[in-house]
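Fold and geometry: a report
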Amino acid sequence: MRESLVEVRDLCFARRQGGHVQQILRNLTLELAAGEVVVLTGPSGSGKSTLLTIAGGLRSATEGSVRVLGTEVVNSRERDRVALRRRIGFIFQQHNLAPALTVAQNIQMGLQLSGDHRRKDAKQRIQQAAEAIGLGAHLHKLPRQLSGGQQQRAGIARALINEPKLVLADEPTASLDRTSGELVVGLFNQLAASG
């Protein structure tokens, strides 16, 4: 039996705007196991990004239960959510690269979040992560010197450098051309096959 990485039970989430309450998630239940690649689909505003940000400890929820990598997220303390975030790889719709840092330094930020940036093999790991995503020759460049697709791939390398047990990706291939998108999907499938 595969290890459960995410267990969601009866999750509800509503957003308040002025005097209006908008129900985003209602009684959502799901379970995700190691080695699975799961794709959430639905119209804009249906709660896909909200679910990802709650599961990743980036947003608070107060109703239901969300256990991620053994940590309860709902009604949890901020320090517990911070510790959880260090164990997850995040890939955002917007690549969120630091504009004054090179590609290598942006990828290294993924190591810094986990505390692994001082490891002797950090430079080699950064190079390998960049090569796996097709950016090996661009490590010295700043984000503004890259195409939108290359910037997104740098964000993906940053998310994957720590070999997280869980990767939460919010439209990771939206800004990529078909070939780059297929490369990323292939990489996700390789990661899932390895658990």
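Preceding this paragraph is the structure being described.
Residues numbered from 1 in each chain as written. Predicted model: local features only at pLDDT ≥ 70, side-chain atom pairs only at ≥ 80, totals over all residues. Heavy atoms only, no water.

**A look at the overall build of the protein**
Across its full length, the protein carries 6 helices and 6 strands. Going residue by residue from the N terminus, the α and β elements of the protein occur as β-β-α-β-β-α-β-α-α-α-β-α. In terms of overall size, the protein behaves like a compact globule, its C-alpha atoms giving a radius of gyration of 17 Å where 195 residues would be expected to give roughly 16 Å. Each principal axis of the C-alpha distribution contributes one length, and for the protein these read about 50 × 35 × 30 Å. Counting all 195 residues of the protein, 39% fall into the buried class. (Helix = DSSP H or I, 4+ residues; strand = E, 2+ residues; numbered from the N terminus. Rg over C-alpha atoms; globule rule 2.2 N^0.38 Å. Buried < 20%, exposed > 50% of the residue type's maximum accessible area, 1.4 Å probe, protein only.)

**A few points about the sheet that holds strand S2 (residues 20-33)**
What the 4 strands build is an open sheet, ordered S2-S1-S3-S4; its pairing is antiparallel. The open sheet has two edge strands with one neighbour each: S2 and strand S4 (71-72). Sheet strands touched by helix H1 (residues 48-55): strand S1 (4-17), S2 and strand S3 (63-68). Its angle to S2, the strand with the most contacts, is close to 65°. (Pairing = 2+ DSSP bridges. Contact = heavy atoms within 4.5 Å. Axes fitted to C-alpha atoms, helices over the stretch in contact; angles between N-to-C directions.)

**Some thoughts on unusual backbone geometry**
Keep in mind that most residues, glycine aside, have a negative phi and that most peptide bonds are trans. The backbone of Leu-69 sits at a positive phi, close to 50°, despite the residue not being glycine. Summarising the element assignment, Leu-69 is placed in the loop between S3 and S4. Classification of Leu-69 as buried rests on a relative accessible area of 12%. Not every positive phi belongs to a glycine, and Asn-75 is a case in point at roughly 60°.

**Quick notes on the pairing of S1**
Relative to S2, S1 runs antiparallel, the two being bridged by 10 bridges. Looking at S2, one finds that Glu-7 is bridged to Glu-31. Sheet topology note: the S1/S3 ladder contains 5 bridges and is antiparallel. Bridged to Arg-9 within S3 is Ser-65.

**Describing the pattern of salt bridges**
Using the criterion set out here, one finds 5 salt bridges in the structure. With its nearest N and O atoms 3.0 Å apart, the salt bridge here joins Glu-31 to Arg-9. Within this pair, whereas Glu-31 is found in strand S2, its partner Arg-9 is found in strand S1, the two being separated by 22 residues in sequence. Overall, Glu-31 belongs to the partly exposed group, its relative accessible area being 41%. Using a relative accessible area of 33% as the deciding quantity, one classes Arg-9 as partly exposed. Where Arg-77 meets Asp-80, a salt bridge forms, and the shortest distance between an N and an O atom there is 3.1 Å. Take Asp-80: its relative accessible area is 26%, and that puts it in the partly exposed class. (Salt bridge = Lys/Arg side-chain N within 4 Å of Asp/Glu carboxyl O.)

**A few points about the side chain of Arg-81**
Relative to the elements of secondary structure, Arg-81 occurs in helix H2 (residues 78-85). What makes Arg-81 buried here is its relative accessible area of 10%. Filtering out sequence-adjacent residues up to four positions away, Arg-81 remains in contact with Gly-57, Ser-60, Val-73 and Ser-76.

**Remarks on the packing of helix H5 (residues 148-160) against helix H6 (residues 178-193)**
Running from amino to carboxyl end, H5 crosses H6 at an angle of 10°, the nearest separation of the two axes being 12 Å. Put simply, H5 runs roughly parallel to H6. Seen from H5, the contacting residues are Arg-153, Ile-156 and Leu-160; seen from H6, they are Ser-180, Val-184, Leu-187, Phe-188 and Leu-191. (Parallel < 35°, antiparallel > 145°, perpendicular 65-115°, else oblique.)

**Brief notes about the packing of aromatic side chains**
Under the defined criterion, the tally for this structure stands at 1 aromatic pair. The interplanar angle of 5° and the centroid separation of 5.8 Å between the aromatic rings of Phe-90 and Phe-92 together place this pair among those described as stacked. For Phe-92, a relative accessible area of 31% puts it in the partly exposed group. (Phe/Tyr/Trp six-rings, centres within 6.5 Å; stacked < 30°, edge-to-face > 60°.)

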